[in-house]
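Here is what each chain is made of, one letter per residue.
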Amino acid sequence: MLSSPQSYKKAESMVLNYAITNEVSIGAAIGHLESEMA
């Protein structure tokens, strides 16, 4: 998913939105989103 600057921005946005919405750390948000996409 991180193969282009545009897709990197999308991933970054997803992580930030998840972290803010669920009140979790960035690391926890990344871990959760990675497990969803696996």
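Being a predicted model, the structure only gives us computed values, none of them experimental.

Right, let's get into the overall build of the chain. A tally of regular secondary structure across the chain gives two helices and zero strands. C-alpha extents for the chain along the principal axes are approximately 30 × 20 × 10 Å. Of all 38 residues assigned to the chain, the portion counted as buried reaches 16%. Accessible surface for the chain amounts to roughly 3,000 Å². Of this, 59% is attributable to carbon and sulfur atoms.

Quick look at the pattern of salt bridges now. On inspection of all chains with the given rule, the structure shows one salt bridge. Here lysine 9 makes a salt bridge to glutamate 12, at a shortest N to O gap of 3.9 Å. Residue lysine 9 and its partner glutamate 12 are both found in helix H1 (residues 5–22); the two are separated by three residues, about one turn of the helix.

So, on to the packing of H1 against helix H2 (residues 26–37). Two numbers describe how H1 lies on H2: the axes approach to 9 Å, and their chain directions differ by 115°. Remark: the crossing between H1 and H2 carries right-handed chirality. Taken together, the residues of H2 that come into contact with H1 (itself represented by Met14, Val15, Leu16, Tyr18 and Ala19) are Ile26, Ala29, Ile30, His32, Leu33 and Met37. For the contact of H1 with H2, the residue count by class is 10 nonpolar, one polar and no charged.

Calculation rules
Residues numbered from 1 in each chain as written. Predicted model: local features only at pLDDT ≥ 70, side-chain atom pairs only at ≥ 80, totals over all residues. Heavy atoms only, no water. Helix = DSSP H or I, 4+ residues; strand = E, 2+ residues; numbered from the N terminus. Buried < 20%, exposed > 50% of the residue type's maximum accessible area, 1.4 Å probe, protein only. Areas by Shrake-Rupley, 256 points an atom, 1.4 Å probe, with all protein chains shown as cover. Salt bridge = Lys/Arg side-chain N within 4 Å of Asp/Glu carboxyl O. Axes fitted to C-alpha atoms, helices over the stretch in contact; angles between N-to-C directions. Left-handed = near helix turned anticlockwise from the far one by under 90°. Contact = heavy atoms within 4.5 Å. Nonpolar A, V, L, I, M, F, W, Y, C, P; charged D, E, K, R; others polar.

By themselves, these are just geometric observations and shouldn't be taken as functional.
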